[in-house]
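Listed below are the residues making up each chain.
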There are 2 protein chains.
Amino acid sequence: MNVFAYPEPLAELVMALARLPGIGPKTAGRLAFYLLRHEEAALKLASAAERAVREITECEICGNYTDVQPCRVCSAPNRDAALLCVVEQPRDIASLEKTGEFSGYYHVLGGVLSPLDGIGPDRLNIASLLRRLSGVREVVLALNPTVEGEATASYLSSLLKPRGTAVSRLAHGLPVGGDLEYADEVTIARALEGRRRL
Amino acid sequence: MNVFAYPEPLAELVMALARLPGIGPKTAGRLAFYLLRHEEAALKLASAAERAVREITECEICGNYTDVQPCRVCSAPNRDAALLCVVEQPRDIASLEKTGEFSGYYHVLGGVLSPLDGIGPDRLNIASLLRRLSGVREVVLALNPTVEGEATASYLSSLLKPRGTAVSRLAHGLPVGGDLEYADEVTIARALEGRRRL
């Protein structure tokens, strides 16, 4: 976008907004003008961003984003300590918690193996995962169904199984509300493979 | 969205982001997690928003957003002082400047007449517009082609014409790259009405 006509502080705001994922330069311009018209919203956004950076840290135990140590999930007494769910990112914990279906604890891997990007096992929170296994009956791998996610799941499985822990992963299949017509072949093949008797 | 699982500073950031136009709660969550993973981008956004609010004001002459008084357009010596273009919002100036086709000065109305929202002529920068007419040959009304925009244009026209100023508005017609099939009847009717001989 052409920002030459914008005064410098406005151009700077447009550029800061355009760095956000999914926000193109045109949307960034629209948001910047909105913020100038709504100063209170702009100052609220600024203070919220600063406060989040200042107060949110990673949980020392699981790696979740938290404002207390350990995080509220890790310090909850009524969860099942025999179940440990491995996720890629802290936001995945929020997605799983919203289902209300998982009663165990979490472990944030901090990404997936990606040799092309130079991300090997030492760059992920694997050592801390292995230190958490005592008393864990089952590790649920809730990694994204991508090539890297699958490869990481295989790698973790090969590390975990010899230690006597059961390892599972989330089911693949048709998304609820989805349509066979729009599902890709691999998803349909996995859904067939994992079919359940009624 | 369910933010109960988020620590308070993160929930506050999600809510501040969700106030932006076109950003729903789900996108706000995604952006908030992005900002936590990219602290530098978060702090940059915070400081840019604060700086913009602090340094950007409305130009005393035209109402454009600016960091100097008067704004860079109003202080440009090589523009045509006989042409004055009236726009609703400062961002409209940027849209027009990008065309490179307008050589006059601008005047920001700050909105359009909207009796239902209690916005009458006294809420718009009309008095300051009337004070700027000396030496102006033509006022171009570049208001949005909405019902309120058209009504405001008529009102302004009735004020300006008796003062001996020519008044024009932007042409209506098919957008360039548009398709007759997808144009509404009113647009096509206006395009016919405004047809040009080749």
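Just so it is clear, the model here is predicted, and its values are computed rather than measured. (Residues numbered from 1 in each chain as written. Chains lettered and ligands numbered in written order. Predicted model: local features only at pLDDT ≥ 70, side-chain atom pairs only at ≥ 80, totals over all residues. Heavy atoms only, no water.)

**Remarks on the overall build of chain A**
And then number 1: When its secondary structure is counted, chain A shows 7 helices and 6 strands.
And then number 2: Listing every helix and strand of chain A by position from the N terminus yields α-α-α-β-β-β-α-β-α-β-α-β-α.
And then number 3: Expected size for 198 residues packed as a compact globule is a radius of gyration near 16 Å; at 21 Å, chain A overshoots this value by more than 25%.
And then number 4: When its C-alpha atoms are laid out on the principal axes, chain A stretches across 65 × 45 × 35 Å.
And then number 5: Counting every position in chain A, which comprises 198 residues, the buried fraction comes to 43%.
And then number 6: If you take every contact in chain A between residues at least 6 apart in sequence, the share linking residues at least 24 apart comes to 45%.
And then number 7: Accessible surface, chain A as shown: approximately 11000 Å² in total, 53% of it carbon and sulfur.
And then number 8: A gap of 4 Å separates the mean positions of the 22 positive and 24 negative side-chain charges of chain A. (Helix = DSSP H or I, 4+ residues; strand = E, 2+ residues; numbered from the N terminus. Rg over C-alpha atoms; globule rule 2.2 N^0.38 Å. Buried < 20%, exposed > 50% of the residue type's maximum accessible area, 1.4 Å probe, protein only. Contact = heavy atoms within 4.5 Å. Areas by Shrake-Rupley, 256 points an atom, 1.4 Å probe, with all protein chains shown as cover. Lys, Arg positive; Asp, Glu negative; His and termini not counted. Charge placed at Lys NZ, Arg CZ, Asp CG, Glu CD.)

**A short note on the pairing of strand β5 (residues 138-141) of chain B**
Regular strands place side chains that alternate from one sheet face to the opposite one.
Residues and elements named next belong to chain B.
And then number 1: Sheet topology note: the strand β3 (residues 83-87)/β5 ladder contains 4 bridges and is parallel. In the strand pairing of β5, Cys85 is matched with Val140.
And then number 2: The handedness of the β5 to strand β6 (residues 166-169) crossover, carried by helix α6 (residues 147-160), is right-handed. (Pairing = 2+ DSSP bridges. Right-handed = clockwise from strand over helix to strand, strands pointing away.)

**Observations regarding the relation of the copies chain A and chain B**
And then number 1: It takes a turn of 180° to lay chain A on chain B, together with a shift of 0.0 Å along the axis; the resulting RMSD is 0.1 Å. Interpreted geometrically, this transformation is the action of a two-fold axis. Within chain A, the C-alpha atom positioned nearest to the axis of rotation is that of Ala46 of chain A, 1.9 Å from it.
And then number 2: By residue overlap, the copies meet face to face through one surface: 100% of the interface positions of chain A are interface positions in chain B. (Least-squares fit on C-alpha atoms with pLDDT ≥ 70 in both.)

**Here's the deal with the packing of aromatic side chains**
The geometry of two aromatic rings is summed up by the distance between their centres and the angle between their planes.
And then number 1: On inspection of all chains with the given rule, the structure shows 6 aromatic pairs over all chains.
And then number 2: Measuring from ring centre to ring centre gives 5.9 Å for Phe33 of chain A and Tyr65 of chain B, while their planes differ by 25°; the resulting arrangement is stacked. Here the residue Phe33 of chain A occupies a position in helix α2 (residues 25-37), and Tyr65 of chain B occupies one in strand β2 (residues 65-66), the pair thus bridging two chains. The pair Phe33 of chain A / Tyr65 of chain B is uniform in exposure class, with both members buried. (Phe/Tyr/Trp six-rings, centres within 6.5 Å; stacked < 30°, edge-to-face > 60°.)

**A word on the confidence of the model for chain A**
All names here are of chain A.
And then number 1: Per-residue confidence for chain A gives a mean pLDDT of 91; residues scoring 70 or more make up 98%.
And then number 2: Mean pLDDT across the secondary structure elements of chain A bottoms out at helix α7 (residues 185-193), with 84, and peaks at helix α3 (residues 39-55), with 97.
And then number 3: For this predicted complex, the interface confidence comes out at an ipTM of 0.83, alongside a pTM of 0.82. (pLDDT = per-residue confidence, 0-100.)

**Quick word on the sheet that holds strand β5 (residues 138-141) of chain A**
In any sheet, the strands associate via hydrogen bonds between backbone groups, in a parallel or an antiparallel arrangement.
All names here are of chain A.
And then number 1: Taken in spatial order, the 4 strands of this open sheet run β4-β3-β5-β6, and their pairing is parallel. Looking at which strands have only one partner, the edges of the open sheet turn out to be β4 (105-108) and β6 (166-169). Averaged over all adjacent pairs, the angle separating strand axes in this sheet is 25°, with direction ignored.
And then number 2: Docked against the sheet, helix α4 (residues 90-99) engages β3 (83-87) and β4, running at close to 155° with respect to β4.
And then number 3: Contacts from helix α6 (residues 147-160) reach β3, β5 and β6 within the one sheet, and its direction differs from that of β5 by about 170°. (Axes fitted to C-alpha atoms, helices over the stretch in contact; angles between N-to-C directions.)

**Topic: the side chain of Ser157 of chain A**
All names here are of chain A.
And then number 1: Turning to its location among the elements, Ser157 is positioned in helix α6.
And then number 2: Ser157 sits in the buried class, given a relative accessible area of 14%.
And then number 3: If near-sequence neighbours (up to four positions away) are discounted, Ser157 is found in contact with Pro162 and Val167.

**Brief notes about the nonpolar core**
And then number 1: Membership of the largest hydrophobic core comes to 54 residues, with the highest contact counts inside it found for Leu13 and Leu17 of chain A together with Leu13, Leu17 and Leu35 of chain B.
And then number 2: Among the elements of the structure, α1 (8-18), α2 and α3 of chain A together with α1 (8-18), α2 (25-37) and α3 (39-55) of chain B are those that each provide at least two residues to this core.
And then number 3: When near neighbours in sequence (up to four residues on either side) are disregarded, Leu17 of chain B contacts Leu45 of chain A together with Ile23, Ala28, Leu31, Ala32 and Leu35 of chain B. (Core = buried A, V, L, I, M, F, W, Y, C linked by side-chain atoms within 4.5 Å.)

**Some words on the interface of chain A and chain B**
The figure often quoted for interface size is the accessible area lost as the parts come together.
And then number 1: Tallying the contact residues gives 48 residues for chain A and 48 residues for chain B.
And then number 2: Both faces combined, the contact of chain A with chain B buries some 5100 Å², and carbon together with sulfur accounts for 70% of it.
And then number 3: Seen at the junction of chain A and chain B, the total is 8 salt bridges.
And then number 4: The partner of Glu12 of chain B in a salt bridge is Arg51 of chain A, with the nearest N and O atoms 2.3 Å apart.
And then number 5: Applying the counting criterion to the chain A and chain B interface returns 8 residue pairs in polar contact (both at pLDDT 80 or more).
And then number 6: Mapped by element, the contributors of at least two residues to the side of chain A that touches chain B are α1, α2, α3, β2 (65-66) and α4 of chain A.
And then number 7: Sort the elements by how many residues they give to the side of chain A that touches chain B and α3 of chain A lands first, with 16 residues. (Buried area = accessible area lost by both parts, 1.4 Å probe. Salt bridge = Lys/Arg side-chain N within 4 Å of Asp/Glu carboxyl O. Polar contact = N/O pair within 3.5 Å; in protein donor to acceptor, adjacent residues only side chain to side chain.)

**Overview of the domain arrangement of chain A**
And then number 1: In terms of domain boundaries, chain A breaks down into domain 1 (8-55) and domain 2 (80-169).
And then number 2: The distance between the C-alpha centroids of domain 1 of chain A and domain 2 of chain A comes to 34 Å. (Domains from an automatic or database assignment.)

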